[in-house]
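Single-letter residue listing:
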Amino acid sequence: MTQRAKIDTDGPEPHGPEPHGRGSHGPIDPTGSPPSTGRVIDAGAELDPVHPMRPPRPDDRHRGLTAAEVARHVARGEVNDVPVRSSRSLSEIIRANVFTRFNAIIGVLWVIMFFVAPIQDTLFGFVIIANTGIGIIQEWRAKRTLDGLAVIGEAKPTVRRDGVAAEISTSEIVLGDLIELGPGDKVVVDGEMVEADSIEVDESLLTGEADPVLKRPGDQVMSGSFVVVGGGAFRATKVGRDAYAAQLAEEASRFTLVDSELRNGISTILKYVTWMMIPTALGLIISQLVVQQNDFKNSIARTVGGIVPMIPEGLVLLTSVAFAIGVIRLGRKQCLVQELPAIEGLARVDVVCLDKTGTLTEGGMDVRELRPLNGADVTYVRRVLGAIGRSDPRPNASLQAIIDAYRDESGRWPVTQALPFSSARKYSGAAFGESEGQAEGQADGEAARWLLGAPDVLLASDDPVLAEIDHLNRQGLRVLLLARVDSELDAPDAASGARATALVVLEQRLRPDAADTLAYFAEQDVAAKVISGDNAVSVGAVAGKLGLPGAEHTVDARQLPAERTAMAEALDSGAVFGRVTPQQKRDMVGALQSRGHTVAMTGDGVNDVLALKDADIGVSMGSGSEATRAVAQIVLLNNSFSTLPSVVAEGRRVIGNITRVATLFLTKTVYSVLLAVLVACFQVEYPFLPRHLTLLSTLTIGIPAFFLALAPNTERARPNFVRRVMRYAIPSGVIAAIATFVTYLLARNYYSGPDALNAETSAATLTLFLVSMWVLAIVARPYTWWRIGLVVAMGAGFLLVLAVPWLQHFFALKLVGTTMPWTAVAIAVVASAALELCWRWVGRRFPA
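Residues numbered from 1 in each chain as written. Predicted model: local features only at pLDDT ≥ 70, side-chain atom pairs only at ≥ 80, totals over all residues. Heavy atoms only, no water.

K.L.:
What is the right way to read the overall build of the chain from this model?
P.N.:
Secondary structure assignment for the chain yields 27 helices and 23 strands. Within the chain, the fraction of its 848 residues that count as buried is 59%. In the chain, the proportion of contacts linking residues at least 24 apart, taken out of those at least 6 apart, comes to 75%. As displayed, the chain offers around 32800 Å² of accessible surface, 58% of which is attributable to carbon and sulfur atoms. (Helix = DSSP H or I, 4+ residues; strand = E, 2+ residues; numbered from the N terminus. Buried < 20%, exposed > 50% of the residue type's maximum accessible area, 1.4 Å probe, protein only. Contact = heavy atoms within 4.5 Å. Areas by Shrake-Rupley, 256 points an atom, 1.4 Å probe, with all protein chains shown as cover.)

Below, the structure is given as structure tokens:
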């Protein structure tokens with residue numbers, strides 16, 4: 001094996017524990033960019049006992065490009081400059097908010113009204129402009145938040161130039177760059193392997209094949225794949241839009257509303273509204289212009305007054321604003337939402353699968369005890385452990401703890417073979433030429449082969465040492481076994497015949513916020529499943545310390561049935577699962593989904609990638625591997641598990657409140673359509689001008705909906721959004737329309753004279769306002785002081801219009817006499833009682 005080289009640094013290299021799966025890259029600071037590694041490769045230097053790595057060979061190919069070569073590539077445009085957009089541009093935001101189907105309809109009607117009616121009847125157009133402006137501003141704010149977080153969370157590959165390895169932005173990579181790889185690193189551009197140290201690459205995101213592929217020098221690597229174990233370096237052969245990463249990166253962190261049940265439901269509703277609106281509007285136009293043969297301008301005004309309220313234009317705006325504000329709120333908590341529907345999706349989650357390491361526990365560990373076995377010399381064992389740590393340039397958290405404990409006692413034996421840790425096989429290994437002959441029965445210069453990993457994997461099931469290990473596991477301690485083997489390390493049966501030499505007892509650091517987070521999920525009826533590659537008993541002990549219900553009943557995943565239905569039953573009954581392989585994690589997520597569960601998966605290591613990708617919602621820690629952050633919909637940049645309840649709460653707030661206020665908007669659509677139909681059938685004048693319905697919409701829908709949409713809401717999101725909204729909106733709209741039309745017909749028979757139409761309109765408006773206010777009062781439940789104040793304020797606003805003369809004139813509202821106004825109130829009271837009975841009956845007859 002090629003002699004390993006010393007790694008010199010510009011400053012003292014940190015020896016603290018690294019988060020699991022991050023490899024040699026330091027953790028990302030949520031407040032700034034990742035630190036530069038600044039490693040200088042010295043091919044002729046002696047071994048470093050802590051972090052050695054394979055040196056570049058004497059030829060320049062392994063030193064990377066020179067500064068002059070990089071400049072030439074940049075000049076030729078051979079740069080990986082594909083823009084990684086985390087959101088749509090400002091121009092796209094403006095287009096999406098301005099150029100909509102309903103804005104086009106309202107815009108045409110608004111222009112018409114400018115020519116045929118006073119300014120009061122064009123207010124609906126100004127309201128649409130204000131709403132659109134609010135939508136643009138809020139989404140622009142969300143874009144800035146999202147872009148800032150995306151830059152913080154951006155993976156920075158390590159590139160070797162002039163023999164110096166440093167982290168650079170993905171967009172600065174040029175054709176021919178030499179890019180280093182370690183466990184968890186994502187391949188960001190296409191290339192060809194130049195150095196390979198037992199490196200295995202997972203290409204499942206590209207090919208669907210779950211098994212990692214062993215790569216050798218000369219093999220091709222594709223962007224979008226990631227390293228499972230081992231390390232190496234590859235030469236970039238395709239950059240920019242030529243690389244497959246161009247498509248992946250552009251979609252990785254997009255501000256989007258696609259594949260959202262809420263958004264899709266609203267689109268479905270709007271589609272049906274459009275189809276209803278077209279024939280209804282035509283009938284209304286014919287009845288007002290042809291049959292009535294009224295004053296042309298007045299007929300046009302009343303026709304527009306009938307068409308405009310059919311459009312629930314504010315519902316789309318409010319949904320966008322609610323999501324945008326959700327992004328801003330979560331951004332303040334260092335939570336990057338890479339796909340906007342993730343806010344909604346996590347609100348629907350009823351099962352959350354947690355990886356222990358990095359989620360319930362912090363990434364670092366400490367060696368608590370070393371127990372030699374079978375008469376092994378403790379000094380010799382310490383030297384072996386130190387040498388094993390020195391053999392891996394990219395240690396995981398467990399090996400880092402061993403390095404920290406035994407770096408000063410490391411044997412200087414030459415490494416003849418190295419086997420990086422794999423979560424699939426559960427062990428790592430190294431072989432040394434122990435020239436000092438310390439090993440029993442070993443001649444000078446003969447290689448000693450060692451494995452370090454899970455005791456229950458390396459030992460036979462009846463080995464008496466396992467009883468001792470089980471006792472330690474029950475205390476929540478992690479135990480690794482150091483074992484001597486005779487076969488080659490990479491042989492399939494390398495662990496057979498392993499001779500136990502020592503137990504390394506590791507103490508894991510519990511996250512201080514984990515217990516409260518698990519308690520939150522329990523209160524919210526979200527089942528937590530701990531899925532870990534560690535020993536099941538040890539995982540159960542950790543979960544038990546954190547108060548997870550069912551932690552005492554642990555399951556060894558090796559005993560789980562492979563058949564999906566049987567596995568799903570086992571998962572429903574258990575809470576803690578150990579010795580889970582990466583493929584099993586993926587199968588377990590699929591099994592839970594097959595039972596109708598909405599599954600969230602958290603993780604930070606490469607062994608979590610497949611499960612994160614298949615889960616309904618994938619949540620990665622900011623310090624996790626590049627691969628996990630690439631496939632996750634939500635990245636917790638502050639690495640705090642306690643942020644998850646905030647994400648869940650934000651999702652529930654958005655979904656619950658939009659479902660609530662959608663009833664207001666669609667009630668208006670239903671009664672507007674039905675009123676137009678009744679007017680056409682009875683061949684009467686349409687009772688309202690645009691100014692009347694603008695006033696009603698503002699007081700009973702627009703202003704209240706804005707506050708209700710941003711209010712706290714902890715109710716778990718439920719499916720069937722369209723059904724849940726329409727079951728209340730349709731009967732409410734029908735009752736409101738019938739009550740209003742009855743009042744209008746009675747007023748037509750009661751009033752006479754030149755100003756009769758205005759009096760009839762005022763009476764009908766009073767009934768419609770009172771009924772709409774009762775719908776608002778129902779939607780605002782359960783009452784709080786501010787909700788009651790909101791409803792009262794809206795009622796006071798209408799009374800103000802009726803009481804102030806110039807407002808009466810402006811909105812053409814004046815109640816004439818006492819008989820008809822009180823009749824209108826009485827009809828509204830009856831309709832409101834009918835609303836109460838109807839809502840209660842619907843709730844029992846058609847439960848959500």
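K.L.:
Would you take a moment to explain the side chain of T761 for this structure?
P.N.:
Positionally, T761 belongs in helix α24 (residues 756-779). Excluding its chain neighbours within four sequence positions, the residues that come into contact with T761 are R302, P687, F688 and H692.

K.L.:
Is there a simple way to think about the sheet that holds strand β10 (residues 335-337) in this case?
P.N.:
Neighbouring strands of a sheet are bound in pairs by backbone hydrogen bonds; such pairs are parallel or else antiparallel. Read from one edge to the other, the open sheet built from eight strands follows the order β10-β23-β22-β21-β11-β18-β20-β19, with strand pairing classed as mixed. With one partner strand each, in any of the chains shown, β10 and β19 (554-556) form the two edges of the open sheet. Put simply, the sheet's adjacent strands are angled 20 degrees from each other on average, direction ignored. Pairing between strand β22 (residues 617-621) and strand β23 (residues 634-636): three bridges, direction parallel. The residue of β23 that forms the bridge with V619 is I634. Sheet strands touched by helix α18 (residues 582-594): β11 (351-354), β18 (527-531), β20 (576-578) and β21 (599-603). Its angle to β21, the strand with the most contacts, is close to 160 degrees. (Pairing = 2+ DSSP bridges. Axes fitted to C-alpha atoms, helices over the stretch in contact; angles between N-to-C directions.)

K.L.:
Any chance you could explain the packing of aromatic side chains here in plain terms?
P.N.:
In this description, an aromatic ring pair is defined by two values, namely the gap between the centres and the angle between the planes. Following the criterion strictly, the structure yields 11 aromatic pairs and no others. Each ring, one from Y728 and one from W839, has its centre 4.3 Å from the other, and the planes form 20 degrees; the classification is stacked. Taken together, the positions of Y728 in helix α23 (residues 721-750) and W839 in helix α27 (residues 819-845) put the pair 111 residues apart, joining distant regions of the chain. For Y728, a relative accessible area of 14% puts it in the buried group. Owing to a relative accessible area of 13%, W839 belongs among the buried residues under this scheme. Aromatic rings pair up to connect F682, F741 and Y744 into one cluster. In this structure, K271 packs its charged tip against the face of Y272, placed 5.4 Å from the ring centre. For the cation-ring pair, R484 lies above W450, with the distance from its terminal atom to the ring centre recorded as 5.4 Å. (Phe/Tyr/Trp six-rings, centres within 6.5 Å; stacked < 30°, edge-to-face > 60°. Lys NZ or Arg CZ within 6 Å of the ring centre and 35° of its normal.)

K.L.:
Before we go on, may I ask you to explain the nonpolar core in this structure?
P.N.:
Soluble globular proteins: nonpolar side chains tend toward being buried together. The biggest cluster of nonpolar side chains holds 134 residues, and the ones touching the most others in it are L346, L548, I634, F641 and F798. With 17 residues, helix α21 (residues 644-682) is the single largest residue contributor to this core. In contact with F641, not counting residues within four places along its chain, are L354, T359, L360, R511, D513, A514, T517, L518, F521, M621 and L636. (Core = buried A, V, L, I, M, F, W, Y, C linked by side-chain atoms within 4.5 Å.)

K.L.:
Would you mind showing me how to read helix α3 (residues 101-116) here?
P.N.:
The periodicity of an α-helix, 3.6 residues per turn, causes residues three or four places apart in sequence to face the same way. Along its 16 residues, α3 runs 23 Å from first to last C-alpha, staying within 8% of the 22 Å computed at 1.5 Å per residue. When α3 is considered as a whole, its buried residues turn out to be F102, N103, I106, L109, W110, M113 and V116. Buried residues in α3, looked at end-on, bunch into an arc of 150 degrees, giving them a common side. For α3, exposure combined with an orientation more than 90 degrees from the buried face picks out V108 and F115. (Expected span 1.5 Å × (residues − 1). Arc of directions from axis to C-beta.)

K.L.:
Before we go on, may I ask you to explain the packing of α24 against helix α25 (residues 785-803) in this structure?
P.N.:
A packed helix pair is summarised by two numbers, namely the angle formed by the two axes and the spacing between the axes. Between α24 and α25, the least distance of the axes is 11 Å, while the angle of their chain directions is 170 degrees. By the angle class used here, α24 and α25 are roughly antiparallel. Residue-level contacts link T765, L766, F769, M773, L776 and A777 of α24 to V791, M794, G795 and F798 of α25. When the residues that make up the contact of α24 with α25 are grouped by side-chain class, the tally is eight nonpolar, two polar and no charged. (Parallel < 35°, antiparallel > 145°, perpendicular 65-115°, else oblique. Nonpolar A, V, L, I, M, F, W, Y, C, P; charged D, E, K, R; others polar.)

K.L.:
How should helix α16 (residues 536-545) be read in this particular structure?
P.N.:
By the criterion of burial, α16 is predominantly enclosed, with eight of the 10 residues buried. Residues of α16 that are buried include every one of A536, V537, S538, V539, G540, A541, V542 and A543, and no others. Between a side-chain oxygen at the N-terminus of α16 and the backbone nitrogen of V537 the separation is 2.9 Å; the capping residue is N535. (Polar contact = N/O pair within 3.5 Å; in protein donor to acceptor, adjacent residues only side chain to side chain.)

K.L.:
Explain the environment of V661 to me, please; I cannot follow it from the model alone.
P.N.:
Tracing the sequence through the fold places V661 in helix α21. Once the C-alpha coordinates of V661 and V779 are considered, the two residues, 118 residues apart in sequence, prove to be 7.3 Å apart. Once you skip the residues sitting within four places of it in the chain, V661 turns out to touch L318, A705, L708 and A709.

K.L.:
Where do I start with the side chain of E760 in this structure?
P.N.:
Among the structural elements, E760 can be located in helix α24. Not counting the four nearest positions on each side in its chain, E760 is found in contact with Y744, A747, R748 and Y751.

K.L.:
What exactly am I supposed to notice about the environment of D614 here?
P.N.:
One can find D614 in helix α19 (residues 609-614). Sequence separation of D614 and V631 is 17 residues, and the distance between their C-alpha atoms is 9.4 Å. Dropping the residues within four chain positions of it, D614 is found in contact with R586, V589 and Q593.

K.L.:
I keep staring at a nonpolar patch on the surface and nothing clicks. Help me out?
P.N.:
A surface patch of nonpolar side chains, amounting to about 610 Å² of accessible area, comprises V111, F114, F115, I119, F126 and I129. Among the elements of the structure, α3 and α4 (123-152) are those that each provide at least two residues to the nonpolar patch. Considering each element in turn, the nonpolar patch owes the most residues, three residues, to α3. Here V111 shows up in helix α3. (Patch = residues over 30% accessible without salt bridge, like charges linked within 9 Å, V, L, I, M, F, W, Y side chains within 5 Å. Salt bridge = Lys/Arg side-chain N within 4 Å of Asp/Glu carboxyl O.)

K.L.:
Help me understand the pairing of strand β6 (residues 190-202) in this model?
P.N.:
In summary, the side chains of a regular strand alternate between the two faces of the sheet. In terms of burial, β6 is a largely internal element, 10 of the 13 residues being buried. Pairing analysis gives 10 bridges linking β6 to strand β9 (residues 226-238), with the strands arranged antiparallel. Directly across from D197, in β9, lies its bridge partner G231. Examined bridge by bridge, β6 and strand β8 (residues 220-221) share two bridges and lie antiparallel to one another.

K.L.:
Can you help me understand unusual backbone geometry in this one?
P.N.:
Glycine aside, residues mostly have negative phi, and peptide bonds are mostly found in the trans state. A cis geometry characterises the amide bond from R781 onward to P782, with omega recorded as -5 degrees. Note that P782 resides in the loop between α24 and α25. Positive phi is not limited to glycine here, since Q683 has a value of about 55 degrees. Along the chain, the position of Q683 falls in the loop between α21 and α22 (690-709). With relative accessibility at 34%, the residue Q683 sits in the partly exposed group.

K.L.:
Is there a simple way to explain the pattern of salt bridges in this structure?
P.N.:
If the charged atoms of two oppositely charged side chains come close together, the side chains can form a pair. Inspection of the entire model under this criterion finds 22 salt bridges. The salt bridge involving D534 is made with R478; its shortest N-O contact spans 2.8 Å. Within this pair, whereas D534 is found in the loop between β18 and α16, its partner R478 is found in strand β16 (residues 478-485), the two being separated by 56 residues in sequence. With respect to class, D534 is no different from R478; both count as buried. What emerges from the salt-bridge pattern is a single network uniting D456, D556, R558 and R579.

K.L.:
What am I meant to see in the pairing of β18 here?
P.N.:
Of all five residues making up β18, four are buried, and the element is well covered by its neighbours. Pairing between β11 and β18: four bridges, direction parallel. The residue bridging L354 from the neighbouring strand is V530, located in β18. Looking at chain direction, β18 and β20 are connected through two bridges and run parallel. By the bridge assignment, V530 is partnered in β20 with V576.

Purely geometric numbers; function is a separate question.
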